[in-house]
Structures are given as structure tokens and as C-alpha cells.
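Spelled out from the first residue to the last, the chains are:
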There are 2 protein chains.
Amino acid sequence: MTSVTNDFLNCFLQFMNRKGLNTTSQRCAIAAAFFDLPGHHSLEEFYQHIVRQDPGIGQTTVYRTLKLLCEAGFASEIHFSDGIARYEVAKPNSHHDHIVCLSCGKILEICNQRIEALQRELAASRDFTLSGHVHNLYGCCADCRNGVGNDKGRAAEPEDLRK
Amino acid sequence: MTSVTNDFLNCFLQFMNRKGLNTTSQRCAIAAAFFDLPGHHSLEEFYQHIVRQDPGIGQTTVYRTLKLLCEAGFASEIHFSDGIARYEVAKPNSHHDHIVCLSCGKILEICNQRIEALQRELAASRDFTLSGHVHNLYGCCADCRNGVGNDKGRAAEPEDLRK
DNA sequence: GTTATTGCAAACCTTTTGCATTGGC
DNA sequence: GCCAATGCAAAAGGTTTGCAATAAC
């Protein structure tokens, strides 16, 4: 476990204390795996990963703990175009923008201050108070375009977890 | 039916002819309703709207015709944060960007050439061939902020969209 | 001991498909 | 008449919930 994971985990423990929630071994294992696993994964993917090192755990608990992590502000639920919810670590200054390769499922993070500024402008011009945004670009990465891609078909299988 | 609807409908009839598909009364009724109904609606919403004026129609046919309209390039499937697919008329120069009010569900279209340009730049810098994008801003409209809103309670809970 | 949590199983909801019937051509 | 299209019903697949057993405190 990295020290960053450990820091996040401590914050989550504090959150549970503040809320009067029990700190169970399952919640700790799930949160640790969540913080330790980079990328954007579905409930099923997290469950498959966690159950490998902790076979007694239930999918429902993973589901509920991910929701809890969202509620605590440590996780964000994101939706790409396939309708499956994915979860990622909500870094304080992250902008949750992505480029998704529709051929191999690769997901890259993008961040552009000028776009952020234009978003704020647009929201202001419509008199909206902005609370969030989703910004995903879809296309084909260089590897897939050149036939180097691993044509797995989108939506990662369990093996993809460490991409 | 507006003349624009009629134009779209004719194009769709041509598409069906080209593809050798039968032009059935159901397909025409569904396509007409689709072109005539402004906004972004789910399968269920279209079905409810269409079945009102044509009670014999089946949800499956609405589903399949919407897919057909997508295939023909007349419709686009869009995903907001609640995981339900919505369909909208794919106008040739539309950019499919939206501002969504999380309180009343109001959806406004937005379009910004500078953001489009920045998207192309970003994709190029990652060596991606861009085929599409999703860009939605979430927040609270002026009406809802001032308590005038009609609190329909559409879509996502706050934690879905945390930024 | 009391109350929260777990995890199985089942419900739920949207999307998709199988198949016998209907209808366009 | 032939084959595509329809629509019922049910499957599929992800998400959510009820509840008895279990574990935290």
C-alpha cells in the first residue's frame, strides 16, 4: 500500500468516526483497494479485484462502500457512453475529463484550464450556478489506428484492471 | 407537423428505401413523433408520447426505430448522469453539449466554437482521432435558485455529479 | 446487549432478444 | 406468398433493497 493510499484511508476512517459509522474490516479492505487501484472501474471490476484477496466479501458491501466513499467525497461516479457506472478517486483538483478510445477502451485524463474558464463563462451567461461537469472525448487512439491495439472490445474485463 | 419535421421524415423514407427496409405505419409514426418532439427524451418517454396517439404500438418497435434513426444519422443517443439513454434529433451542426439543471431537470443546448477547437487540440496532442464528445455542465438554474423552479426531481442525486 | 453492518437472494429497471403473428411489397 | 417487421413476453445485465445472520461497540 502506498503512503498516499494510507493517507486517504486515514481520512476515510476519520469520516466514519465523525459520522458514527462502524469501521469494519470489509470497509477498510474495500477502501484500501479503491485508493490503491488507479483508473476508472465498475462495481464488478472492483468486486472481482477485492474478492481475490478477500474471498468472503460480498458485492453488495462493495457497492455500499463505494457509495459511502462517494458520499464522503473520496470517490466520484462517472458515466461513459455504455451506461455502466464507474468509480474513480476524486482528487481535490481533478477535473474528471477524459479521452476514451472506443476501440480498446483506454481512458486518459485530460485537463485544460481554458476549457474550464469557458465552461464558467457559458454557465454564467445562462444564469446557472455550476456544480459539476462531464466532459469526455471519444475516438480512436494511435495504437488502434495503427493496428497495434489489443482489440479487447471496450469495457474492460477484470484483467484490464491495471491498465 | 412542421415543415421541418416533414423534411426530416422524407429523408428518413429515402434512407429506408436505400436500405430496402419496409416503410411501415409504425416507423412513420415513431419517426414523425421523434422529429416533432423537441428536447431529449428516453425510450419510455417517447413510447408514452407515441402510444397516446397510436395505442397499438409496442415499446419494442419504438426502441428499434430509435436505433434505426440513430443508424441513419437522424438521432443521437445521449447519456446524462442517471444511466438512462436519451435520444435527440441529430442536427448536422449540433454539438450535443448541454447545461442540465439538477433541480428541475431543464436541459439547455450549448455551443462554443472555442471549446470545440480546444477539444480538437487536446485530441491531437494525445494522438487520438476524434469521433465524438460528450460535454455536459451540471448546476442549478436561476429559477430554481430563486425558488421559482418546479422541482420535478429528475435525474441524479448530488453525489453522482460531484466535481 | 444493542444497534449497525454484512451478504445472500431477490426485486427492480432499463435495455435487448426470441419467436409466433402480422403486414408490406 | 415471401420475407421483413411487429409486439408480446421473457432474458439479460446492472443497480438497489429486504432481511436474517453476524460483528462492532
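Computed from a prediction, not measured in an experiment: that's the story for all the values here.

What counts, and at which threshold
Residues numbered from 1 in each chain as written. Chains lettered and ligands numbered in written order. Predicted model: local features only at pLDDT ≥ 70, side-chain atom pairs only at ≥ 80, totals over all residues. Heavy atoms only, no water. Contact = heavy atoms within 4.5 Å. Buried area = accessible area lost by both parts, 1.4 Å probe. Salt bridge = Lys/Arg side-chain N within 4 Å of Asp/Glu carboxyl O. Polar contact = N/O pair within 3.5 Å; in protein donor to acceptor, adjacent residues only side chain to side chain. Helix = DSSP H or I, 4+ residues; strand = E, 2+ residues; numbered from the N terminus. Nonpolar A, V, L, I, M, F, W, Y, C, P; charged D, E, K, R; others polar. Pairing = 2+ DSSP bridges. UniProt positions renumbered as here; feature names shortened; annotations may be inferred. Buried < 20%, exposed > 50% of the residue type's maximum accessible area, 1.4 Å probe, protein only. Near = heavy atom within 4 Å. Least-squares fit on C-alpha atoms with pLDDT ≥ 70 in both. Phe/Tyr/Trp six-rings, centres within 6.5 Å; stacked < 30°, edge-to-face > 60°. Axes fitted to C-alpha atoms, helices over the stretch in contact; angles between N-to-C directions. Parallel < 35°, antiparallel > 145°, perpendicular 65-115°, else oblique. Left-handed = near helix turned anticlockwise from the far one by under 90°.

## Brief notes about the interface of chain A and chain B
- Each side of the interface is counted separately: chain A has 47 residues, and chain B has 41 residues.
- Of the roughly 3,900 Å² buried between chain A and chain B on both sides combined, carbon and sulfur atoms contribute 60%.
- A salt bridge links A:Arg114 to B:Glu121; the nearest nitrogen and oxygen atoms lie 3.3 Å apart.
- Taken together, the links from chain A to chain B amount to 21 residue pairs in polar contact (both at pLDDT 80 or more).
- For the side of chain A that touches chain B, the secondary structure elements donating two or more residues are α4 (59-71), β2 (75-79), β4 (97-101), β5 (107-110), α5 (113-125), β6 (129-140) and α6 (142-145) of chain A.
- If one sorts the elements of the side of chain A that touches chain B by residue count, β6(A) sits on top with 12 residues.
- Residue composition of the side of chain A that touches chain B, grouped by class: 21 nonpolar, 17 polar and 9 charged.
- Bridge count between β6(A) and strand β6 (residues 129-140) of chain B: 11 bridges; the pairing is antiparallel. From the neighbouring strand, A:Val134 faces β6(B), where its bridge partner is B:Asn136.

## Some thoughts on the UniProt feature "binding site: Fe cation" (unreviewed entry) in chain A
All names here are of chain A.
- As annotated in UniProt, the feature "binding site: Fe cation" (unreviewed entry) corresponds to His95, Asp97, Glu116 and His133 in the numbering used here.
- Residue placement: Asp97 occurs in strand β4.
- By relative accessible area, Asp97 is classed as buried at 2%.
- Those residues in contact with Asp97 that lie beyond four places of it in its chain are Leu108, Glu109, Ile110, Glu116, His133, His135 and Asn136.
- Mapped onto the fold, His133 is located in strand β6.
- Of the polar contacts made by the side chain of His133, one reaches the side chain of Asp97; its length is 2.9 Å.

## With respect to the protein's contact with DNA strand C
- In the vicinity of DNA strand C lie 19 residues, with A:Thr24, A:Arg27, A:Thr61, A:Arg64 and B:Tyr63 positioned nearest.
- Of what DNA strand C places within 4 Å of the protein, 71% of the atoms are sugar or phosphate.
- A:Asn22 has a polar backbone atom sitting 3.2 Å from a phosphate oxygen of DNA strand C.
- If you list the elements that add at least two residues to the surface near DNA strand C, you get α2 (25-36) and α4 of chain A together with α4 (59-71) of chain B.
- Grouping the constituent residues of the surface near DNA strand C by class yields 6 nonpolar, 10 polar and 3 charged.

## What about the side chain of A:His135?
- Relative to the elements of secondary structure, A:His135 occurs in strand β6.
- Under the relative-accessibility criterion, A:His135 is labelled buried at 0%.
- Only 2.6 Å separates the side chain of A:His135 from the side chain of B:Gln119, close enough to count as a polar contact.

## Structural notes on the relation of the copies chain A and chain B
- Taken as rigid bodies, chain A and chain B are interconverted by a rotation of 180 degrees and an axial shift of 0.1 Å, the fit giving an RMSD of 0.2 Å. These values place the two chain copies in the arrangement generated by a two-fold rotation axis. Relative to the rotation axis, the C-alpha of A:His135 is the closest in chain A, positioned 2.2 Å from it.

## Digging into the pairing of strand β2 (residues 75-79) of chain B
Residue and element names in this part refer to chain B.
- Of all the 5 residues making up β2, 4 are buried; the element is thus mostly covered by neighbouring parts of the structure.
- Pairing of β2 with strand β3 (residues 85-89) involves 5 bridges; the strand directions are antiparallel. Looking at β3, one finds that Glu77 is bridged to Tyr87.
- Counting the residues in the hairpin turn of β2 and β3 gives 5 residues, including Gly83, whose phi is positive at 80 degrees.

## Things to note about the packing of aromatic side chains
Residue and element names in this part refer to chain B.
- What the rule picks out here adds up to 12 aromatic pairs over all chains.
- Between Phe12 and Phe15, the aromatic rings sit 6.3 Å apart at their centres with planes inclined by 10 degrees, giving stacked as the arrangement. Within this pair, Phe12 and its partner Phe15 are both found in helix α1 (residues 3-19), separated by 3 residues, close to a single helical turn. The two residues Phe12 and Phe15 agree in class, both being buried.

## As for the UniProt feature "binding site: Zn(2+)" (unreviewed entry) in chain A
- On the UniProt side, "binding site: Zn(2+)" (unreviewed entry) is annotated at positions that read A:Cys101, A:Cys104, A:Cys141 and A:Cys144 here. On the basis of their most widely separated C-alpha atoms, the annotated residues across 44 residues gather in one place, lying no more than 8.4 Å apart.
- Along the polypeptide, A:Cys141 turns up in the loop between β6 and α6.
- What makes A:Cys141 buried here is its relative accessible area of 1%.
- Excluding anything up to four places from it in sequence, A:Cys141 contacts A:Cys101, A:Cys104, A:Lys106, B:Asp127 and B:Phe128.

## A word on the pattern of salt bridges
- Using the criterion set out here, one finds 10 salt bridges over all chains in the structure.
- Among the ionic pairs, B:Arg86 bridges to B:Asp82, the shortest N-O distance being 3.3 Å.

## As for the packing of α2(A) against α4(A)
Residues and elements named next belong to chain A.
- Relative orientation of the contacting elements α2 and α4 amounts to 65 degrees, with a least axis distance of 10 Å. Put simply, α2 runs roughly perpendicular to α4. For the crossing formed where α2 meets α4, the hand is right-handed. In contact with Gln26, Arg27, Ile30, Ala31, Phe34 and Phe35 of α2, α4 contributes Thr61, Val62, Thr65, Leu66, Leu68 and Leu69.
- Here the contact of α2 with α4 is composed, by residue class, of 8 nonpolar, 3 polar and 1 charged.

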